[in-house]
Amino acid sequence: MRIKTLTTYNVYNYGASLQAYALMTYLSRQGHDVEIINYQPEYLTRKYNYKWVNPESKMSRYALTRVVYRILKFLQRQTTLANKHLFDDFTHRMLHETRQVYYTFEELQENPPEADLYVVGSDQIWNVFYEAGRDPAFYLEFVRSGKRASYAASFSYIDIDDENRKRIACSLKKFDAVSVREYHGIDILRTMGIEGTWVLDPVFLLSIEEWKEIMVPVKTGIEPYLLIYDFEGNNELKDFAVRYAKEQNLKIYSISDRAYQTRYADKHFTKTGPCEFISLIYHCSAFVSNSFHGTAFSIMFHKPVFVFGRNRHKVNSRMESLLSMFELSDRYIRTDKENSSPAEIDWNRIESIKDRFLNISESFIRKVLD
């Protein structure tokens, strides 16, 4: 069967890259011809252009501040080029993309890639507070013939206004099957009169051995370490990590946050692509983060995990849903002072839960393929 998947994947984000790889690889290993639609709309790529300034930001008000911002952005980009190259290498070496690049929905609509089945997901493709969630492409409105399905699609936010709700419902009623990544997504679908299935994120579809096949060794030394991956420079997360590392006699390693380099981390990793990212999690002794996919991999690899919320609280529903699925809600730490010593994780129970949801997830995929 010819399958085309559609997701936000080429955005220099570990989770986005790895979930796209996981779904593509899983479907390919079922014996299907799978490609990721190379969809690169301007709203996904413009922020990587140092000349672009958000028109809604304060920096865009005056010519001088725009120039200063662009210079600072250009200089900052020079320090992250190595990291960017690792992502580019992963994308072009590990992902099977369509030869044609589509830059707009209209281009997709005029000349859609041919397939027997189109699968949209995972990640926050239906988050209406992002432009992707308002783009008809991610609701497969360009499809002329063939089955339509979603796998582990995410609304992320709980609140959706009536206008977007009606638009989404109209699109999803054309789907042959719908599945979502968070439990609140099922409730959103019910309000639209659509039946959905709560499934695992695609990264859980591959075994640990399959993930080990693509890991790239990272020079970490022989000492046990706590790994930090922090999106926002969360001071409470850092304070917790320092205290926990001291209690457990662990070194502190960090990924992609320069603030750690001198004040917190014993070792700081900036040249880290998707394959290095999962390797660092696999070999750590504990993981502290506010990353959804970082949390997912730490659960899969049986690593003690401590999850902090993000400043944009509504996106935290993703982490809350994941932890709820695995009965690990006590691992969600809202302040540095609480849950400093949650119960030890019963990994046998975690595996039992994963197997149960994996059966549900694989059953959903089989029905779509049949």
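Anything mentioned here points back to the structure above.
Residues numbered from 1 in each chain as written. Predicted model: local features only at pLDDT ≥ 70, side-chain atom pairs only at ≥ 80, totals over all residues. Heavy atoms only, no water.

Within the largest apolar cluster, 70 residues are counted, with the highest numbers of intra-cluster contacts made by Tyr21, Tyr151, Trp211, Leu227, Ile278, Phe297 and Phe326. Sequence-distant contacts of Leu227, that is, excluding residues within four places in its chain, are made with Tyr253, Ser254, Ile255, Leu280, Ile281, Cys284, Ala286, Phe287 and Val288. Core analysis: the next-biggest nonpolar cluster, separate from the first, contains 37 residues, Leu44, Phe105, Tyr118 and Ile168 among them. (Core = buried A, V, L, I, M, F, W, Y, C linked by side-chain atoms within 4.5 Å. Buried < 20%, exposed > 50% of the residue type's maximum accessible area, 1.4 Å probe, protein only. Contact = heavy atoms within 4.5 Å.)

Right, let's get into the sheet that holds strand 1 (residues 2-6). An order of 3-2-1-4-5 is seen for the five strands of this open sheet, with the pairing classed as parallel. The sheet terminates laterally at strand 3 (97-102) and strand 5 (147-150), the two strands that pair on one side only. Between one strand axis and the next, the sheet turns by 25° as a mean value, whatever way the strands run. Two elements, strand 2 (residues 33-39) and strand 3, share three bridges in a ladder whose sense is parallel. Among the inter-strand pairings, Tyr39 is bridged to a residue of strand 3, identified as Tyr102. On top of the sheet, helix 1 (residues 14-28) reaches strand 1, strand 2 and strand 4 (117-120); it is set at about 155° to strand 2, its chief contact. (Pairing = 2+ DSSP bridges. Helix = DSSP H or I, 4+ residues; strand = E, 2+ residues; numbered from the N terminus. Axes fitted to C-alpha atoms, helices over the stretch in contact; angles between N-to-C directions.)

Take the sheet that holds strand 10 (residues 267-269) next. Here we have six strands laid out as an open sheet, ordered 10-9-8-11-12-13, and parallel in their pairing. Either end of the sheet is taken by a strand with one partner, and the two such strands are strand 10 and strand 13 (332-333).

Another point: the environment of Leu280. Within the element layout of this structure, Leu280 appears in helix 11 (residues 274-283). A residue is classified by how much of its surface remains accessible, and Leu280, at 0% relative accessible area, is buried. C-alpha separation for the pair Leu280 and Lys219, spaced 61 residues apart in sequence, amounts to 9.4 Å. Those residues within four positions of Leu280 in sequence are excluded, and the remaining contacts are Val218, Thr220, Tyr225, Leu227, Ile255, Phe269 and Thr272.

The description of two aromatic rings rests on the distance between their centres and on the angle between their planes. Inspection of the entire model under this criterion finds 26 aromatic pairs. Plain terms: the ring middles of Trp211 and Phe297 are 5.0 Å apart, the flat faces sit at 80° to each other, and that makes the pair edge-to-face. Taken together, the positions of Trp211 in helix 8 (residues 208-212) and Phe297 in helix 12 (residues 292-300) put the pair 86 residues apart, joining distant regions of the chain. We classify Phe297 as buried; its relative accessible area is 0%. Summarising the aromatic geometry, the rings of Phe240 and Phe306 are spaced 5.0 Å apart at their centres and angled 55° between planes, so their arrangement reads as tilted. You can see Phe240 sitting in helix 9 (residues 235-248) and its partner Phe306 sitting in strand 12 (residues 305-308), a full 66 residues away along the chain. (Phe/Tyr/Trp six-rings, centres within 6.5 Å; stacked < 30°, edge-to-face > 60°.)

Before going further, it helps to spend a moment on the packing of helix 1 against helix 11. Each pair of packed helices gets described by two things: the angle between the helix axes and the distance between those axes. Contact geometry for helix 1 and helix 11: axes closest at 9 Å, N-to-C directions at 95°. For the element pair helix 1 / helix 11, the angle class is roughly perpendicular. Seen from helix 1, the contacting residues are Tyr14, Ser17 and Leu18; seen from helix 11, they are Pro274, Phe277 and Ile278. (Parallel < 35°, antiparallel > 145°, perpendicular 65-115°, else oblique.)

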